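Listed here are the chains, written in short residue letters.
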Amino acid sequence: MRFDRVWFNARLATLKGDGLGTVESGAVAAKDGRIAFVGPENDLSNGWEAAERIDCQGRWITPGLVDCHTHLVFGGDRAHEFELRLNGASYEEIARAGGGIVSTVKATRAASEDELVASALPRLDHLIAEGCTTIEIKSGYGLDLETEARSLRVARRLAEERPASVVTTFLGAHALPPEANGDKDAFIDKVCREMLPALAREGLADAVDAFCEGIAFSPEQTARVFDAAKAHGLRVKLHADQLSNLHGAKLAAEYGALSADHLEYTDEDGAAAMAKAGTVAVLLPGAFYMLRETKLPPVAAFRRHGTRMALATDCNPGTSPLTSLLLTMNMGATLFRMTVEECIAGVTREAARALGHLDEIGTLETGKSCDLAIWNIERPAELVYRIGFNPLHARIWRGQ
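Residues numbered from 1 in each chain as written. Predicted model: local features only at pLDDT ≥ 70, side-chain atom pairs only at ≥ 80, totals over all residues. Heavy atoms only, no water.

Participant: What am I meant to see in unusual backbone geometry here?
Facilitator: The phi torsion of most residues other than glycine is negative, and most of the peptide bonds are trans. With a phi angle near 60 degrees, His-247 is a residue other than glycine that sits in the positive phi range. Tracing the sequence through the fold places His-247 in the loop between strand 10 (235–240) and helix 8 (248–254). What makes His-247 partly exposed here is its relative accessible area of 44%. (Helix = DSSP H or I, 4+ residues; strand = E, 2+ residues; numbered from the N terminus. Buried < 20%, exposed > 50% of the residue type's maximum accessible area, 1.4 Å probe, protein only.)

Below, the structure is given as structure tokens:
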């Protein structure tokens, strides 16, 4: 067989199955952007040829990393508010002064499409530089149809500007805009009857998200958003149980959600329901760290019930200005006591599962997109262990 490219003399973490799927003395071959062979180098058929042969010199190859929860597109920043909080101001005080999410909505609405692309690209570039090949990008800082659509178009454009796969999520039910005058039900009507149908018609959203929390929207209001999403053939996911237990995890499971995210207050029933439904638990240690939270997500319960766990940056201007999946893994291990295998799987196989794209990415298997990260490491634990150090040797997206 003639391949386009073969990486040999490598150690592989295929992530196939439930562990790391380690292969010593392995090789990966690409043909037309897909993995045509992966496994022990000795198993390559006799007489194979390749347009390019790359000696990895014993380096490790993992699947390309996947960031399955970000709010990468937004206007402005909230560094000033961060400084105010350090000086003793409360979140409520900052919000009353026009800060918080309202300030990001104002800045995002004022930004042009080109301006939003320009501000998002450095964040995307940092993720790419650490081996990320697929990223999910949510809207949610427009809270009106025009800006939500613009944000999602920007997310689509980022995939044209850089060699990366982008999955888009409509998060209209993120917060209440100022013009709603406190009427959450009326705003949810607008999300379900105007915004979501228009975005679905334009093909801008791959999935629909909502924020189910006391400071955001109730389980009943969230269910209405989910019903509207299902009516338009869109999968759902949920910001759930971050600050209190409104049984968001269980609600997500009832709707067959791809994922439920945050989950600090999820109970045993929620963990069990997610496992049964195949809903992935996406843990977000960046927000936990930034907000100085003390309530840990129920990792032990997820393990007991077999709930799949992913990790993501939650990159956003207010509560997780994080653009490093490597640091996210370290935080997952240090703050949440996740294992090395859980952390690496969390930004590859399980992150792909959380996006509904495990058939295409997330593991090294024949037929999948040839998205690879090649690392200058001696053992996989180094990817989780180091802080502020990037051991990436090469990043391959679709065989290139």
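Participant: Where do I start with the pattern of salt bridges in this structure?
Facilitator: Proximity of charged atoms lets side chains of opposite charge pair with each other. Within this structure, the stated rule accounts for 28 salt bridges. With a closest N to O distance of 3.7 Å, Arg-153 and Glu-113 form a salt bridge. Of this pair, Arg-153 sits in helix 5 (residues 145–161) while Glu-113 sits in helix 4 (residues 113–129), and the two are 40 residues apart along the sequence. By relative accessible area, which is 30% here, Arg-153 ends up partly exposed. Residue Glu-136 pairs with Lys-237 through a salt bridge whose shortest N-O separation is 3.5 Å. With Glu-136 in strand 7 (residues 132–138) and Lys-237 in strand 10, this residue pair connects regions lying 101 residues apart in the sequence. The pair formed by Glu-136 and Lys-237 is uniform in burial state, with each residue classed as buried. (Salt bridge = Lys/Arg side-chain N within 4 Å of Asp/Glu carboxyl O.)

Participant: Explain the nonpolar core here, please?
Facilitator: Where a protein is soluble and globular, its nonpolar side chains tend to be buried together. Within the largest apolar cluster, 91 residues are counted, with the highest numbers of intra-cluster contacts made by Leu-158, Phe-170, Leu-263, Leu-283 and Met-329. For this core, the domains that each give at least three residues are domain 1 (3–62 + 363–396) and domain 2 (65–355). In this structure Phe-170 touches Ser-139, Glu-148, Leu-152, Val-191, Met-195, Leu-196, Leu-199, Ala-205, Ala-207, Val-208 and Asp-209, once residues within four positions along its chain are discounted. By size, the runner-up hydrophobic cluster in this structure holds 15 residues, among which are Val-23, Ile-61, Leu-364 and Ile-396. (Core = buried A, V, L, I, M, F, W, Y, C linked by side-chain atoms within 4.5 Å. Domains from an automatic or database assignment. Contact = heavy atoms within 4.5 Å.)

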